[in-house]
Amino acid sequence: MDVLGGKWKISIITCLLFGPRRYSEILRDVSGISGKVLSRELKELEINVLIERSVSESAPISVTYSLTEYGESVTPVITVLSGWGQEHRSTIKAKR
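What counts, and where the lines are drawn
Residues numbered from 1 in each chain as written. Predicted model: local features only at pLDDT ≥ 70, side-chain atom pairs only at ≥ 80, totals over all residues. Heavy atoms only, no water. Pairing = 2+ DSSP bridges. Helix = DSSP H or I, 4+ residues; strand = E, 2+ residues; numbered from the N terminus. Axes fitted to C-alpha atoms, helices over the stretch in contact; angles between N-to-C directions. Parallel < 35°, antiparallel > 145°, perpendicular 65-115°, else oblique. Contact = heavy atoms within 4.5 Å. Nonpolar A, V, L, I, M, F, W, Y, C, P; charged D, E, K, R; others polar. Salt bridge = Lys/Arg side-chain N within 4 Å of Asp/Glu carboxyl O.

- The protein chain appears in an unreviewed UniProt entry as Winged helix-turn-helix transcriptional regulator from Pedobacter lithocola.

So, in structure tokens, the structure goes:
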């Protein structure tokens, strides 16, 4: 849970399941995250070998993030969590 814990990591991984993304694309696609928090979360995910940061040599320099093979192994976990959330959404909303 330490590797996937927190408010944003699963959202970032889900975004990267659709393919490599640049920083600005992730910032746009993950609703509500600030730039500072995104930078921190990306570094943590990279340290835990779930994502890979690639810097292009072309001008202008471009940085893209993608899931590693290890990161892709989290997909079944995210799928189960998403299914549970959808199944129990009405119960959760009723308690609020």
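Having put the structure on the table, let's press on.
## Section: the sheet that holds strand β2 (residues 51-55)
Stage number 1. As summarised here, the arrangement of the three strands in space is β1-β3-β2, forming an open sheet in which the pairing is antiparallel. Bordering the open sheet on either side are β1 (21-22) and β2, each of which pairs with just one other strand.

## Considering the packing of helix α1 (residues 9-16) against helix α3 (residues 35-47)
Stage number 1. Close contact between α1 and α3 brings their axes to 10 Å; oriented N to C, the two are set at 75°. With respect to α3, the axis of α1 lies roughly perpendicular. In contact with K9, I12 and I13 of α1, α3 contributes L38, E41, L42, E44 and L45.
Stage number 2. The residue makeup of the contact of α1 with α3, split by class, is five nonpolar, no polar and three charged.

## Structural notes on the pattern of salt bridges
Stage number 1. Within the structure shown, the criterion is met by five salt bridges.
Stage number 2. One salt bridge connects K9 with E41, and the closest N-O pair in it is separated by 3.2 Å. One end of the pair, K9, is in helix α1; the other, E41, is in helix α3, and 32 residues separate them in sequence.
Stage number 3. Its salt-bridge partner being E44, residue K9 comes within 2.6 Å of it at the nearest N-O pair. Residue K9 is located in helix α1, and its partner E44 is located in helix α3; the two are separated by 35 residues in the primary sequence.
Stage number 4. Within the structure, one salt-bridge network assembled from shared partners comprises K9, R40, E41 and E44.

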